[in-house]
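Results of the structural survey
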Amino acid sequence: MTSRAIWRRPLETIAAVGAFCLAWDLYVRWTDAPSYLLPPPADVGAALIQSAASGELAHHLLYTLQNLILGYGAGALLGVAAGVALAKSPRLDRALGGPILFLQTAPKIALAPLFVIWFGLGLASKIALIISLVFFPVLVGTMVGLRSLDSRFADLARLLRLGVWRRLWLIELRAGLPDIFVGLRIGAVQAVVGAILGEWMSGRQGLGYLMTFASATYKTPLLFGAVVLTALLGIAVYQLVETAERRLLSWRDAP
Amino acid sequence: MIHARGVAKHFLTRGARVEALRPVDLDVARGAFVSIIGPSGCGKSTLLRIIAGLETASEGTLTIESAADQRAGFVFQDAVLLPWLSAEENVRFPLDAAGVPRDEGDATARRLLALVGLQGFEKALPRALSGGMRQRVSIARALSYDPPLLLMDEPFGALDLLTRDRLNDELLTIWTATKKTIIFVTHSVEEAAYLSDRVVVMSPRPGSIKKIYDSPLARPRGERTKLDPAFHQLMADLRRDLA
Ligand SMILES: Nc1ncnc2c1ncn2[C@@H]1O[C@H](COP(=O)(O)OP(=O)(O)OP(=O)(O)O)[C@@H](O)[C@H]1O
Ligand SMILES: [Mg+2]
């Protein structure tokens, strides 16, 4: 990659964002839209800066980030562990496969109020919601990855008399990593949705709370700012997962 | 070392019964070099996989005399390298998996890669290697843990003649030095005649053993072997049996 090519992507992104803000600004001026419906980008920026200056913004952002990391990490670990268990044990799969399919297709977001009833208004219900959203795609990805193992790799493991754990760690999980990452990527998107939703429903912290607060008090520019930040957070989390994937699966790409 | 009595194999695929190997009697003495030759689809790979324990025989009995903790070496017909490991890491894999110290595994891998003519490719990933180079990596891997029994399924099929000749001689050197028992599947009459103590000829699909030749050729084998009239006689016999 030449140094030109390295700069092209970010420059293109900045240009696109700039053009979008300009169009937005022109639209607001042109139609004279009232600020409580569609504030101009400058107002949104100002509201963000003001919130940041008071230290409030960092507080909310960090809270959401903390829940994301805890929920995503736990959900991914549990998803891989459960996927391994189901892929390895036909009996377990027969017993739990049906219920899991049901839970997986059920809209978890509809269960969100239940989590509040079960786990209370605090941190636990928020993290439980994120876990429930990350868990299933990772579980399915792991199962697919382990089930689709190249039979010749199974031969190799057998020949070298690898024990169950060595076989799992040295061959199966690595061979299944592309499929596991499909689940991890879906889970990353879902985790952000779950984090915001959890904060909408209860509590006084996080970007989701900031949105409900701003909309209840008609601080529309701040509401827009929170939405933009949430979108950026989602992109950042997704990019992080993709970077991890590119590094761990570099053997698939260029030699 | 190996005694097969009436070993046969059929597969059930979608309800249909596929005869892969008809009953086979075979004895392989410890330290022998035995080649198996036969037309495509006659069950050579199947027989080798049964001996390796990768497949269970549908009929018959198989006894293998070896220490219980000894793993057999196997060179698959199509390399079977782990694509996320470099050439060197693939060779070292059986040692790493058995918990052999790193530097010991390192030295072994480098020595064996050099032996199969792949020095300079230690860090290359399998996808960056040609078919023949991958096959050589898999041969090095099979040798890495010094197995007493080495099963090779057309290991040199994808190689050019020059490399093939060189590796044939290397294999004989290793065999002489380490006293391994080797069972070697090949399509090449010349290779079978040059390398072996015994050549097992199989009949077409579904195969069984058609004939077994004990080689009259002296050891060590070398350029002189290829001038020996007995060598050419053996090749002619094998060709006739295969036709
Ligand atoms: N897993 C399997 N399921 C069904 N049939 C199989 C399976 N493995 C092998 N066979 C059949 O058994 C027969 C023998 O196969 P095998 O691979 O042993 O032949 P081979 O002698 O090694 O041939 P080649 O020289 O082409 O490698 C073939 O007809 C094949 O279709
Ligand atoms: Mg074969």
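None of these values were measured; they are calculated from a predicted model. (Residues numbered from 1 in each chain as written. Chains lettered and ligands numbered in written order. Predicted model: local features only at pLDDT ≥ 70, side-chain atom pairs only at ≥ 80, totals over all residues. Heavy atoms only, no water.)

**Some remarks on the site of ligand 1**
Residue and element names in this part refer to chain B.
- Contacts to ligand 1 come from 14 residues, most closely from S40, G41, K44, S45 and T46.
- Measuring from an oxygen atom of ligand 1, one finds a side-chain N or O atom of S45 at 2.6 Å.
- Here T46 contributes a side-chain N or O atom positioned 2.6 Å from an oxygen atom of ligand 1.
- Protein chains bury 68% of the 630 Å² of accessible surface belonging to ligand 1 in isolation.
- For the shell around ligand 1, the leading source of residues is helix α1 (residues 44-52), giving three residues. (Near = heavy atom within 4 Å. Polar contact = N/O pair within 3.5 Å; in protein donor to acceptor, adjacent residues only side chain to side chain. Areas by Shrake-Rupley, 256 points an atom, 1.4 Å probe, with all protein chains shown as cover. Helix = DSSP H or I, 4+ residues; strand = E, 2+ residues; numbered from the N terminus.)

**Some thoughts on unusual backbone geometry**
- R205(B) connects to P206(B) through a cis peptide bond whose omega is -10 degrees.
- Following the sequence through the fold, P206(B) ends up in the loop between β8 (198-202) and β9 (209-214).
- Here the residue pair R219(B) and P220(B) is connected by a cis peptide bond, since its omega of -5 degrees sits within 30 degrees of zero.
- Summarising the element assignment, P220(B) is placed in the loop between β9 and α7 (229-242).
- Phi at D32(A) is positive, roughly 60 degrees, even though this residue is not glycine.
- For D32(A), the position within the fold is in the loop between α1 (3-31) and α2 (41-53).
- If you check the backbone angles, K179(B) has positive phi at about 55 degrees while not being a glycine.
- With respect to the element layout, K179(B) can be found in the loop between α5 (161-178) and β7 (181-186).

**Some details on the sheet that holds strand β1 (residues 2-13) of chain B**
Residue and element names in this part refer to chain B.
- Sheet architecture is open: three strands sit in the order β2-β1-β4, paired in antiparallel fashion. Each edge of the open sheet carries a strand with a single partner, namely β2 (16-28) and β4 (59-64). Each strand axis lies, on average, 30 degrees off the axis of its neighbour in the sheet, ignoring direction.
- Two elements, β1 and β2, share nine bridges in a ladder whose sense is antiparallel. The partner of T13 across the bridge, within β2, is A16. (Pairing = 2+ DSSP bridges. Axes fitted to C-alpha atoms, helices over the stretch in contact; angles between N-to-C directions.)

**Considerations on the sheet that holds strand β3 (residues 33-37) of chain B**
Residues and elements named next belong to chain B.
- Spatially, six strands are ordered β5-β6-β7-β3-β8-β9 in an open sheet, and the strand pairing comes out mixed. Each edge of the open sheet is held by one strand with a lone partner, namely β5 (73-75) and β9. Ignoring which end each strand starts from, the neighbouring axes of this sheet average 15 degrees apart.
- In this structure, strand β6 (residues 149-153) lies alongside β7, joined through five bridges in parallel fashion. Within β7, the residue paired with M152 across the bridge is F184.
- Along the sheet, α1 makes contact with β3, β5, β6, β7 and β8, crossing β6 at roughly 155 degrees.
- Where α5 meets the sheet, it contacts β3, β6 and β7, and its direction lies at approximately 160 degrees from that of β7. (Contact = heavy atoms within 4.5 Å.)

**Focus on the packing of aromatic side chains**
- Here the structure, examined in full by the defined rule, presents 13 aromatic pairs over all chains.
- Summarising the aromatic geometry, the rings of W24(A) and F224(A) are spaced 5.9 Å apart at their centres and angled 35 degrees between planes, so their arrangement reads as tilted. Of this pair, W24(A) sits in helix α1 while F224(A) sits in helix α11 (residues 220-248); the two residues are 200 residues apart in sequence, bridging distant segments of the chain.
- Taking the relative accessible area as the measure of exposure, F224(A) reaches 24% and is therefore partly exposed.
- Ring geometry for F74(B) and F76(B): centres 4.8 Å apart, planes at 45 degrees, overall tilted.
- Looking at F76(B), the relative accessible area reads 5%, which means it is buried. (Phe/Tyr/Trp six-rings, centres within 6.5 Å; stacked < 30°, edge-to-face > 60°. Buried < 20%, exposed > 50% of the residue type's maximum accessible area, 1.4 Å probe, protein only.)

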